[in-house]
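Observations on chain architecture
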Amino acid sequence: MASNPDFGAGPSAYLEGLGERVRGARLLAGLSRKALAQRSDVSERYLAQLEHGQGNISILLLRQLADALQIPVERLVSDRAEPVDALSSTLDLLRSLGPEQLDQARQSLLRQFGRADPQARRARIALVGLRGAGKSSLGASLAQRRGVAFIELDREIERESGLSLSAIFDLYGPEGFRRLERASLDRVLERDTQAVIATGGGIVSEPATFERLLSTCFTVWIKASPREHMDRVLAQGDTRPMSNTPEAMADLEAILRRREGLYARADAMVDTAGRTQEASLEDLNTAVQAS
């Protein structure tokens, strides 16, 4: 049996290695220590001690951290030897970067090492964009034309949880919904090698989930004007999260501004503003075929 380099040097060295793995996973997920503490329900003080090799963490708390980081718990406790020098120097470099530079570094690593096989990516088309852009209608039509499954991720979440989206938000809050969203996306990716997937408008706000989508699917931003977004949402009878808000249009425009940079990371963009359903479908089909 291969020796464990951490335990071979004693419990203190193992805890230092564990702290380094937790810190590295947190940095790669783009989370502050405070954000990870809130997400995992592990105190920030205890997390700081752990990352500095001074915490004797229970397996249950370690599982909470792994769940919050959306990685297998064995990745944190693994006794497999790591390239310590290269990993440490890389983590030191990442720690020295500002938030914008860290995001650029993560994207660069994903482009170089994290993308799935290009042919496999093109077999799955994922549509992103704010509600009311036309993802569901265009996605269903494109899937029919391509002869593949059409999947609405929100409906998958409801089916698997047995709850409506509003009930999920009421019971578990945004963080609980994002965990269910990631789990549903992972199951879809494991199950369907060919599909058109319409995602929820806020999937881009969860970095790890959005990176997973970008790395495994050819993504298309379905874009529309704020007024068209609003009119279509109202026509659907779904004003969440803008119901009973006099400043609904201003809120929608603000949400769109905050997310535009994220949506723009998609492989292609189709602007449905002022376009008929048929014309938008042709634009989408052209964008997909050009991939």
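Not measured: the values here are computed from a predicted model.

Description of the overall build of the protein chain
Helix and strand counts for the protein chain come out as 16 helices and five strands. Within the protein chain, contacts between residues at least 6 apart in sequence are counted, and of these 73% link residues at least 24 apart. As displayed, the protein chain offers around 15,300 Å² of accessible surface, 51% of which is attributable to carbon and sulfur atoms.

Things to note about the sheet that holds strand E4 (residues 218-223)
Strands sit in the order E2-E3-E1-E4-E5 across an open sheet of five strands; the sheet is parallel. Among the strands making up the open sheet, the edge pair consists of strand E2 (149-152) and strand E5 (268-271). With direction set aside, neighbouring strand axes in the sheet form an average angle of 20°. On top of the sheet, helix H10 (residues 135-146) reaches strand E1 (124-128), E2, strand E3 (195-198) and E4; it is set at about 160° to E2, its chief contact.

Considering the packing of helix H12 (residues 165-191) against helix H13 (residues 207-216)
Interhelical geometry of H12 versus H13 gives an angle of 15° and a closest axis separation of 10 Å. Of the possible angle classes, the one that applies to H12 and H13 is roughly parallel. The interaxial crossing formed by H12 with H13 has left-handed handedness. Side by side, H12 and H13 meet where Arg182, Leu185, Asp186 and Leu189 of the first sit next to Ala208, Thr209, Arg212, Leu213 and Thr216 of the second. Residues of the contact of H12 with H13, tallied by class, amount to four nonpolar, two polar and three charged.

As for the nonpolar core
With 24 residues, the main nonpolar core has Val128, Leu130, Ile197, Phe210, Leu213, Cys217 and Tyr263 as its most contacted residues. Going through the elements one at a time, E1, H12, E3, H13 and helix H15 (248-263) are the ones with two or more residues in this core.

Re the confidence of the model for the protein chain
Per-chain confidence: the protein chain averages 81 in pLDDT, with 83% of residues scoring 70 or above. Considering only residues more than four positions removed or in separate chains, one finds that residues 1-9, a stretch of pLDDT under 50, has eight contacts.

Remarks on the pairing of E4
The side chains of a regular strand alternate between the sheet's two faces. Burial of E4 is extensive: five of the six residues sit out of reach of the surface. For E1 and E4, the ladder comprises four bridges, and the chain directions are parallel. The residue of E4 that forms the bridge with Leu127 is Val220. Where E4 meets E5, four bridges bridge the pair, whose relative direction is parallel. In the sheet register, Ile222 faces E5, and the bridge partner there is Val270.

Focus on H13
A large share of H13 lies buried, amounting to seven of its 10 residues. Looking at H13, one finds that the buried residues are Thr209, Phe210, Glu211, Leu213, Leu214, Ser215 and Thr216.

Structural notes on the packing of helix H3 (residues 33-40) against helix H4 (residues 44-51)
Across the interface, H3 lies against H4 with an axial gap of 9 Å and an inter-helix angle of 115°. For the element pair H3 and H4, the recorded crossing hand is right-handed. Judged by residue contacts, Arg33, Lys34, Leu36 and Ala37 of H3 engage Glu44, Leu47, Ala48 and Glu51 from H4. Grouping the constituent residues of the contact of H3 with H4 by class yields four nonpolar, no polar and four charged.

A few points about the packing of aromatic side chains
Applying the stated criterion across every chain, the model contains two aromatic pairs. Ring geometry for Phe169 versus Phe177: centroids 4.7 Å apart, planes at 25°, classification stacked. On the basis of relative accessible area, Phe169 is assigned to the partly exposed category, the value being 26%. Since its relative accessible area comes to 4%, Phe177 is described here as buried.

Quick notes on the pattern of salt bridges
Counted according to the given criterion, the structure contains 18 salt bridges. The residue Glu152 makes a salt bridge to Arg155 at a minimum N-O spacing of 4.0 Å. A residue is classified by how much of its surface remains accessible, and Glu152, at 25% relative accessible area, is partly exposed. With a relative accessible area of 39%, Arg155 lands in the partly exposed category. Residues participating in the shared-partner salt-bridge network are Glu156, Arg159, Glu160, Arg187, Arg191 and Asp192.

Criteria and cut-off values
- Residues numbered from 1 in each chain as written.
- Predicted model: local features only at pLDDT ≥ 70, side-chain atom pairs only at ≥ 80, totals over all residues.
- Heavy atoms only, no water.
- Helix = DSSP H or I, 4+ residues; strand = E, 2+ residues; numbered from the N terminus.
- Contact = heavy atoms within 4.5 Å.
- Areas by Shrake-Rupley, 256 points an atom, 1.4 Å probe, with all protein chains shown as cover.
- Pairing = 2+ DSSP bridges.
- Axes fitted to C-alpha atoms, helices over the stretch in contact; angles between N-to-C directions.
- Parallel < 35°, antiparallel > 145°, perpendicular 65-115°, else oblique.
- Left-handed = near helix turned anticlockwise from the far one by under 90°.
- Nonpolar A, V, L, I, M, F, W, Y, C, P; charged D, E, K, R; others polar.
- Core = buried A, V, L, I, M, F, W, Y, C linked by side-chain atoms within 4.5 Å.
- Buried < 20%, exposed > 50% of the residue type's maximum accessible area, 1.4 Å probe, protein only.
- pLDDT = per-residue confidence, 0-100.
- Phe/Tyr/Trp six-rings, centres within 6.5 Å; stacked < 30°, edge-to-face > 60°.
- Salt bridge = Lys/Arg side-chain N within 4 Å of Asp/Glu carboxyl O.

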